[in-house]
Amino acid sequence: TNNLGDSNRSYGNINFDYKFHFLPELRAVVNIGYDNIKAKTINSSSTLVATNDDVKGNSSLGFQKRTNELLDGYLTYNKEFDKFRTEFTAGYSYQRFTNEGDNTGNKRDPLSFPSTFADPDVVLIGYFGRANFTLSDKYLVTLTYRRDGTSRFSEKNRWGDFPAAAVAWNISDEDFLKDSNVISNLKLRAGYGITGQQDVGEKDVFLNRYRAGDQNSQYQFDNVVIQSLIASEINPDLKW
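Note on numbering: residues in each chain are counted from 1, in written sequence order. Where local features are concerned, this predicted model is filtered to residues with pLDDT of at least 70; where side-chain atom pairs are given and counted, the filter is 80 or more; whole-chain, interface and lining totals use all residues. Side-chain descriptors were evaluated using all non-hydrogen atoms of the structure, hydrogens and water having been removed beforehand.

A. The overall build of the protein chain, seen in detail. Counting its regular elements, the protein chain contains zero helices and 12 strands. Along the protein chain, from the amino end to the carboxyl end, the secondary structure elements read β-β-β-β-β-β-β-β-β-β-β-β. Taking all 240 residues of the protein chain together, the buried fraction comes to 23%. Counting only contacts in the protein chain whose residues sit at least 6 apart along the sequence, the fraction spanning at least 24 positions is 59%. Each helix corresponds to a stretch of at least 4 residues labelled H or I by DSSP, and each strand to a stretch of at least 2 residues labelled E; elements are numbered beginning at the N terminus. The cut-offs for exposure are 20% and 50% of the maximum accessible area for each residue type, with area from a 1.4 Å probe on protein chains only; residues under the lower value are buried, those over the upper are exposed, and the others partly exposed. Here, residues are in contact when the closest pair of their heavy atoms is within 4.5 Å.

B. Quick look at unusual backbone geometry. Backbone geometry at Ser-136 places phi at a positive 55°, although glycine is not the residue there. Of note, Ser-136 is situated in the loop between strand S5 (115–135) and strand S6 (139–150). Even without glycine at this site, Asp-137 takes up a positive phi of about 55°. Note that Asp-137 resides in the loop between S5 and S6. Its relative accessible area of 42% is what places Asp-137 among the partly exposed residues.

C. View of the side chain of Ser-154. Looking at the element boundaries, Ser-154 is found in the loop between S6 and strand S7 (159–170). Each polar contact in these results corresponds to two N or O atoms within 3.5 Å; when the atoms are within protein, one needs to be able to donate a hydrogen and the other to accept it, and residues that are neighboring in sequence are counted only if both atoms are side-chain atoms. Polar side-chain contacts of Ser-154 include one of 2.9 Å to the backbone oxygen of Pro-236. Dropping the residues within four chain positions of it, Ser-154 is found in contact with Phe-206 and Pro-236.

D. Local environment of the pairing of strand S11 (residues 224–227). Alternating positions in S11 separate cleanly, Val-225 and Gln-227 being buried on one face and Val-224 and Ile-226 remaining unburied on the opposite face. A pair of strands is labelled paired if DSSP reports no fewer than 2 bridges between them. As judged from the four bridges shared by strand S10 (residues 218–221) and S11, these two strands associate in the antiparallel manner. Within S11, the residue paired with Gln-218 across the bridge is Gln-227. Counted along the chain from S10 to the antiparallel partner S11, the turn is two residues long, and its residue Asp-222 has a positive phi close to 55°.

E. Just the pattern of salt bridges, in detail. Criterion for a salt bridge: a side-chain nitrogen of Lys or Arg within 4 Å of a carboxyl oxygen of Asp or Glu. Under the defined criterion, the tally for this structure stands at 12 salt bridges. Across the salt bridge formed by Asp-17 and Arg-27, the nearest N and O atoms sit 2.6 Å from each other. In this pair, Asp-17 is assigned in strand S1 (residues 2–19) and Arg-27 in strand S2 (residues 26–45), connecting sequence segments 10 residues apart. The exposure class of Asp-17 is partly exposed, given its relative accessible area of 47%. Its relative accessible area of 25% is what places Arg-27 among the partly exposed residues. Close ionic contact of Glu-69 with Arg-96 constitutes a salt bridge, the shortest N to O distance being 3.0 Å. Of this pair, Glu-69 sits in strand S3 (residues 58–81) while Arg-96 sits in strand S4 (residues 84–103), placing them 27 residues apart in sequence. By relative accessible area, which is 24% here, Glu-69 ends up partly exposed. If you follow the salt bridges from partner to partner, you end up with Glu-69, Arg-96 and Asp-121 in one network.

Here you go:
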């Protein structure tokens with residue numbers, strides 16, 4: 001038996017960070033990423049291999065291509081007013097996953113058939129914002145908000161809203177502790193937020209998928225075999 005595999009991967013990331021000259025407190029950041037994998041396999045066995053089948057020896061080819069594309073962009077504004085410091089951030093995020101491949105089947109078997117699979121593209125889109133307020137480096141307030149969308153869910157359940165808020169107090173910076181030899185850092189923080197999960201199991205997603213039937217669910221016309229495709233179960237009510 002001879003089983004060979006070859007995989008080629010290309011990936012890269014580039015980041016742009018620009019500070020506006022007319023407003024130095026404002027920055028623009030753009031991040032672009034790309035990851036591509038192409039793989040192929042060759043599997044063959046000799047005609048000398050002992051077998052009970054009439055067909056001696058076989059070979060098959062396989063191919064797969066996967067990509068991951070990413071784009072992030074956001075604006076950040078920082079401003080200080082004596083003892084009061086602010087920071088505002090707002091941005092957009094896009095990511096897309098693709099997965100496709102094929103298998104040519106048994107080259108020596110006249111009843112073999114080519115099969116192709118292509119998972120639907122998975123697209124993630126997010127809008128996000130954050131505001132930080134700091135007073136005298138002691139009292140901190142953070143407010144965040146995300147609105148995320150995923151193609152894994154049906155249109156009515158595609159988007160989710162995820163707010164969060166937190167407050168903090170740097171107690172060790174207060175006058176009654178800043179000269180302490182026992183406590184060097186003490187911070188009290190409380191927060192509340194909502195998170196969401198969309199990375200669910202394949203069989204639970206909204207996207208339509210089809211799987212190939214086995215030899216018991218094929219149709220033969222002369223020497224041509226028609227492969228059946230079976231729809232996988234989906235859950236249209238799945239949501240964040």
